[in-house]
Amino acid sequence: MTDDILQLYPTGASPAALTDDQLLTLYAPASRGERLVRANFVSSIDGSATASGLSGGLGGPADKRVFDLLRRLADVVLVGAGTVRSEGYGAMRLAPDAAAWRVANGHPEHPVFALVSGRLDLDPASDVFAKAPVRPLVLTVSSAPAAARASLAAVADVVDCGSSTLDIPTMLDTLTSRGLRQIHCEGGPSLLGSLLAADALDSLCLTTSPALEGGAGPRITHAGGALPLRPMRLDHLLLSGSMLLSQYSRAH
Ligand SMILES: NC(=O)c1ccc[n+]([C@@H]2O[C@H](COP(=O)([O-])OP(=O)(O)OC[C@H]3O[C@@H](n4cnc5c(N)ncnc54)[C@H](OP(=O)(O)O)[C@@H]3O)[C@@H](O)[C@H]2O)c1
């Protein structure tokens, strides 16, 4: 499988494969000073967010390339605890070339890793915390278990964003008040559902994997109920082999 990426839309681009710099320009936020809540997901053609329970089987080299480049543009990488647990996340440490790119472009070497959890069922001894180059954030609720909170507080900033349920606007304001405006969500479906329910998602990067899952895999969003339809507009559409990589933004 190739990681060459061609631009299909907007039309008129060079037919040559895009360089990393060109991809970074394409995905760059319109304004770094304004808050942008962007998510990045992969889906099968038939709408599954997983293959055999994980997203990894749906990806490929081009998807991984964009996944990594999007981290370069983030102030904070926001991930739900379910994804951290199931996908076996490690520390939010970017590769040396990505860290060097960030510094050259005026950003800290690594984005902040923010984990969203109500139950705080997270291991403070795991690499997520033990090997973190930047002290992670744990975004939770004041009713979270006290013992787990105390353990995590030794290795992360634990911040309440609600009492019994997490309030998404409060969570986003918490990040913004720390100067974290480029908010990049890597999953999972429950967290994306919460962002949608709060009408807080500005932009969605979606890779459509050229595969049919055919089973009971979840969709990329799970909000627990019907939401008003959100019109989105296509920003760009890229092609790598048979894989489509798109970005949609909120249609005003
Ligand atoms: N296709 C893709 O691009 C993609 C991306 C990411 C994940 N996935 C897949 O999605 C699956 C996991 O799905 P998931 O829905 O469980 O993922 P998730 O949203 O990452 O995790 C759900 C958990 O995160 C916490 N959480 C999320 N939203 C919250 C909120 N509003 N308030 C409080 N806590 C919140 C809770 O943690 P606590 O339980 O600790 O309270 C909740 O149980 C895995 O199979 C993973 O491989 C796919």
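Nothing here was measured: the structure is a model prediction, and the numbers come from that model. As a convention, each chain's residues are numbered from 1 in the sequence order in which they are written. For this predicted model, a pLDDT threshold of at least 70 governs which residues receive local features, and a threshold of 80 or more governs which side-chain atom pairs are given and counted, while totals over whole chains, interfaces and linings are taken from all residues. Computation of side-chain values covers all heavy atoms of the structure but excludes hydrogens and water.

## With respect to the overall build of the protein
Each helix and strand counted, the protein has eight helices and 10 strands in total. Radius of gyration here is computed from C-alpha atoms only, and the compact-globule reference equals 2.2 Å multiplied by the residue count raised to the power 0.38. Taking 252 residues into account, the globule formula puts the C-alpha radius of gyration at 18 Å, and the protein, at 18 Å, falls close to it. Split into buried and exposed, the 252 residues of the protein put 44% on the buried side. We call two residues in contact when some of their heavy atoms are within 4.5 Å. Within the protein, contacts between residues separated by at least 24 positions form 68% of all contacts whose residues are at least 6 apart in sequence. The helix count covers DSSP runs of H or I at least four residues long, the strand count covers runs of E at least two residues long, and both are numbered beginning at the N terminus. The cut-offs for exposure are 20% and 50% of the maximum accessible area for each residue type, with area from a 1.4 Å probe on protein chains only; residues under the lower value are buried, those over the upper are exposed, and the others partly exposed.

## A look at a nonpolar patch on the surface
Patches were defined on residues exceeding 30% relative accessible area and lacking a salt bridge, with like-charge contacts within 9 Å and nonpolar side-chain contacts (Val, Leu, Ile, Met, Phe, Trp, Tyr) within 5 Å. What sets the accessible areas is the Shrake-Rupley method with a 1.4 Å probe; for residues, cover comes only from the shown protein chains. Salt bridges, as used here, are contacts in which a Lys or Arg side-chain nitrogen is within 4 Å of a carboxyl oxygen on Asp or Glu. A surface patch of nonpolar side chains, amounting to about 240 Å² of accessible area, comprises Leu 8, Tyr 9 and Leu 244. Mapped onto the secondary structure, Tyr 9 falls in strand β1 (residues 6-9).

## Focus on the sheet that holds strand β6 (residues 157-160)
With mixed pairing, the 10 strands of this open sheet are ordered in space as β1-β9-β10-β8-β2-β7-β3-β4-β5-β6. The open sheet has two free edges, formed respectively by β1 and β6, since each of these has just one partner strand. The sheet shows a mean angle of 25 degrees between the axes of neighbouring strands, direction not considered. Strand pairing is assigned whenever DSSP identifies at least 2 bridges connecting the two strands. Axis definition: a line fitted to C-alpha atoms, limited for helices to the stretch in contact. Angles are taken between N-to-C directions and run from 0 to 180 degrees.

## A short note on empty space enclosed by the protein
Taking a probe equal in size to a water molecule and rolling it over the atoms shows the remaining empty space. Space inside and on the surface of the protein is sampled on a 1 Å grid over the protein atoms alone, with a cavity defined as a set of points where a 1.4 Å probe fits but cannot get out and a pocket as an open set with protein on both sides within 12 Å along at least 5 of 7 lines; lining residues have an atom within 4 Å of a point. Grid points are joined across faces, edges and corners, and a volume is the space filled by probe spheres set on the points. The final tally for this structure, using the stated rule, is one cavity of 30 Å³ or more. Approximately 40 Å³ is the volume attributed to the largest cavity. Looking at the largest cavity, the residues that line it are Leu 36, Arg 38, Leu 70, Leu 73, Ala 74, Gln 182, Ile 183 and His 184. At the level of secondary structure, the elements contributing two or more residues to the lining of the largest cavity comprise β2 (36-44) and β7 (182-187). In terms of residue count, the dominant contributor to the lining of the largest cavity is β7 (three residues). Residues that form the lining of the largest cavity fall into these classes: five nonpolar, two polar and one charged. Residue polarity is assigned by list, with Asp, Glu, Lys and Arg as charged and Ala, Val, Leu, Ile, Met, Phe, Trp, Tyr, Cys and Pro as nonpolar; anything else, Gly included, falls into the polar class.

## Observations regarding the UniProt feature "domain: Bacterial bifunctional deaminase-reductase C-terminal" (unreviewed entry) in the protein
UniProt positions are given in the numbering used here, feature names are shortened, and annotations may be inferred rather than shown by experiment. In the numbering used here, UniProt assigns the "domain: Bacterial bifunctional deaminase-reductase C-terminal" (unreviewed entry) feature to residues 36-228. Across residues 36-228, helical content stands at 30% and strand content at 21%; the span's end C-alpha atoms are separated by 21 Å.

## A look at the site of the ligand
By convention in this text, a residue qualifies as near a molecule or strand provided that one of its non-hydrogen atoms is within 4 Å of it. Near the ligand there are 26 residues, and of these Val 42, Thr 83, Glu 87, Ser 117 and Ser 190 occur at the shortest range. Under this definition, polar contacts are N or O atom pairs within 3.5 Å; protein pairs additionally need one hydrogen-donor-capable and one acceptor-capable atom, and for neighbouring residues in sequence, both atoms have to be side-chain atoms. The separation between an oxygen atom of the ligand and a polar side-chain atom of Thr 83 is 2.6 Å. Here Gly 188 contributes a backbone N or O atom positioned 2.8 Å from an oxygen atom of the ligand. Considered on its own, the ligand offers 910 Å² of accessible surface; in the complex 82% of this is hidden by protein.

## Some thoughts on the nonpolar core
Here is a general trend for soluble globular proteins: nonpolar side chains tend to be buried in one another's company. Among buried residues, those of type Ala, Val, Leu, Ile, Met, Phe, Trp, Tyr and Cys that are joined through side-chain atoms within 4.5 Å constitute a nonpolar core. Membership of the largest hydrophobic core comes to 29 residues, with the highest contact counts inside it found for Leu 78, Leu 139, Met 171, Leu 175 and Leu 204. Among the elements of the structure, β2, β3 (76-80), β4 (112-116), β5 (137-140), α7 (168-177), β7, α8 (189-197) and β8 (203-209) are those that each provide at least two residues to this core.

## Things to note about the layout of surface pockets
The calculated volume of the largest pocket comes to roughly 1000 Å³. Taken together, 44 residues form the lining of the largest pocket, with Thr 83, Glu 87, Glu 186, Gly 187 and Gly 188 sitting closest to its centre. Of all the secondary structure elements, the ones that give two or more residues to the lining of the largest pocket are β2, α2 (61-72), α3 (81-86), β7 and α8. Per-class residue counts for the lining of the largest pocket are 15 nonpolar, 21 polar and eight charged. Estimated volume of the second largest pocket: approximately 490 Å³. Leu 196, Arg 219, Thr 221, Leu 229 and Arg 230 are, among the 18 residues lining the second largest pocket, the residues nearest its centre. Across the lining of the second largest pocket, the residue classes break down as 13 nonpolar, three polar and two charged.

## Some points on the side chain of Asp 75
Position of Asp 75 relative to the elements: it lies in the loop between α2 and β3. What makes Asp 75 buried here is its relative accessible area of 14%. A polar side-chain atom of Asp 75 sits 3.0 Å from the main-chain amide nitrogen of Arg 181. In contact with Asp 75, not counting residues within four places along its chain, are Arg 32, Pro 111, Val 112, Gly 179, Leu 180, Arg 181 and Gln 182.

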